[in-house]
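# Structural description and commentary
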Amino acid sequence: MARGPESHDLMLLLGPVSYLDCLVFCVFLAPQLIWHVGFFETVWCVLQALPFFSVKLPVGLMRERYFLPPENQSLFVQKASSFEDFVIRCVRYAFEHVPAKIGRVFFSKEVALPFMQFRLLRHGYFRCPVPWREHREESFHGIWLIKNPEEKPDFVLFYAHGGGFSMGSSYFYLEFLLTWLSELEALGYSNPAIFALEYTLVPDAAFPTQLNEAVRGYEHVLKVVQDPSLVCVSGDSAGATLILSLLLHLGSQEANGIGYGRRLPVPALAVLISPWVTLVSTRHRNTVSDYLDVKQLHQYGMQFAGGKMPEKEPLVSPGCCKDMSLWKRSSPSKGIYITYGTEEVFASEIEDFIGTVQETVVVKSEAAVGGIHAWPVASLFLSSNINERLGGLRTISKEIRQCIP
């Protein structure tokens, strides 16, 4: 598929998600929920949500935004637009109250692809001019995005999506990843590429299935690019957990010779967006701004761990690894870059992790004041100002370019 000259600005021209987009998304979502979850369970979930959407949401939104003095508002509410605040409140309710089997339909391929196609059509694009394709092998699968599929990439980003290991998909992240690809091209890469891992969700499988898929996917990327110094591994939330587990596996493999047929080298750089470094931690704290809920997170974490105790298995819960020699062996050659928000549930745990490993590993971090979980991803869809939409992503991309010229 040829890449048109306008493709660099495509995702910016699509603009932020609007109320119309939200309505159309629900139109695509409804039949999938009925098909995958069931009519009566879907209706019951909607009925349970009615008190929140009809009373609690509008009353809370009006009170906190327009009647509380600024000093009593959270930093996020002070900075967020009404639409951003509205959507985050909806996501917060869904994360706490909606079952994961319903949540995974929200982010599924069957909903995400038609929705992105609608957004393209609404802005005059009949197809996406940026090439992407699915890649399937017996042990893993994912999505390739590349400027010119006929040529070898000069940089590859290996990405694992978030979603608490129980929901999410690379297809839901496509618009974000396509935008990121354009940013990488704008910074001077001649043929950048992204491989987004589509790992198995819980409860279909638990650890170590996802790690096995990540190792196989990473090995595939190395075969394509043929140079680990051109590879950056990245992920947000649970995807960042998986990336840290992958790095620890690579470090253990180097020391012990364990692995999947041959030893694999570490990548050049790791970029972690709001990493869930420890699955179950007393340092996780609910905040008035963030949409995550600690109780649900810990439940998702235990389900992902399966029969293993996450407090005792670093490959399951990387923040539990206190072996600095292992972190040193596992660290990418250019180190680890971490970005997170000061008002997210994971903030304290992330800061503790940075403080633990930075004496052994090159770690650079960026804390967004007033930011919430995975805001560089969410802001692309929600923020109306171009600098706010792309600020986090551009900062990350510049960091990558400095480390991997």
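How each quantity is defined
- Residues numbered from 1 in each chain as written.
- Predicted model: local features only at pLDDT ≥ 70, side-chain atom pairs only at ≥ 80, totals over all residues.
- Heavy atoms only, no water.
- Pairing = 2+ DSSP bridges.
- Helix = DSSP H or I, 4+ residues; strand = E, 2+ residues; numbered from the N terminus.
- Axes fitted to C-alpha atoms, helices over the stretch in contact; angles between N-to-C directions.
- Contact = heavy atoms within 4.5 Å.
- Salt bridge = Lys/Arg side-chain N within 4 Å of Asp/Glu carboxyl O.
- Buried < 20%, exposed > 50% of the residue type's maximum accessible area, 1.4 Å probe, protein only.
- Phe/Tyr/Trp six-rings, centres within 6.5 Å; stacked < 30°, edge-to-face > 60°.

Per an unreviewed UniProt entry, the chain goes by Alpha/beta hydrolase fold-3 domain-containing protein and derives from Podospora pseudoanserina.

### Considerations on the sheet that holds strand S8 (residues 363-368)
The sheet built from 8 strands is open, its strands ordered S1-S2-S4-S3-S5-S6-S7-S8 with mixed pairing. Whereas interior strands pair on both sides, the edge strands pair on one side only; in this sheet they are strand S1 (132-137) and S8. Between one strand axis and the next, the sheet turns by 20 degrees as a mean value, whatever way the strands run. Docked against the sheet, helix H8 (residues 174-186) engages S1, strand S2 (140-146), strand S3 (155-160), strand S4 (192-197), strand S5 (231-236) and strand S6 (269-273), running at close to 155 degrees with respect to S4. Across the sheet, helix H13 (residues 347-357) touches strand S7 (336-341) and S8, and the angle it forms with S7 is around 155 degrees.

### Looking at the pattern of salt bridges
Going through the model one piece at a time under the given rule, you end up with 13 salt bridges. With a closest N to O distance of 2.8 Å, Arg89 and Asp85 form a salt bridge. Of this pair, Arg89 and Asp85 both sit in helix H5 (residues 82-97), 4 residues apart, which is roughly one turn of that helix. Like Asp85, Arg89 is buried. Several salt bridges converge on common partners, so that one network encompasses Asp21, Arg119, Arg122 and Glu175.

### Regarding the packing of aromatic side chains
Applying the stated criterion across every chain, the model contains 29 aromatic pairs. On the numbers, 5.9 Å between centres and 15 degrees between planes, the contact of Trp276 with Phe346 is stacked. Of the two residues, Trp276 is situated in the loop between S6 and helix H11 (294-305) and Phe346 in the loop between S7 and H13; the sequence distance between them amounts to 70 residues. By relative accessible area, which is 0% here, Trp276 ends up buried. The exposure class of Phe346 is buried, given its relative accessible area of 1%. Taking the centre distance of 5.4 Å and the plane angle of 70 degrees together, the rings of Trp327 and Phe353 count as edge-to-face. Residue Trp327 is found in helix H12 (residues 324-330), and its partner Phe353 is found in helix H13; the two are separated by 26 residues along the sequence. For Trp327, a relative accessible area of 1% puts it in the buried group.

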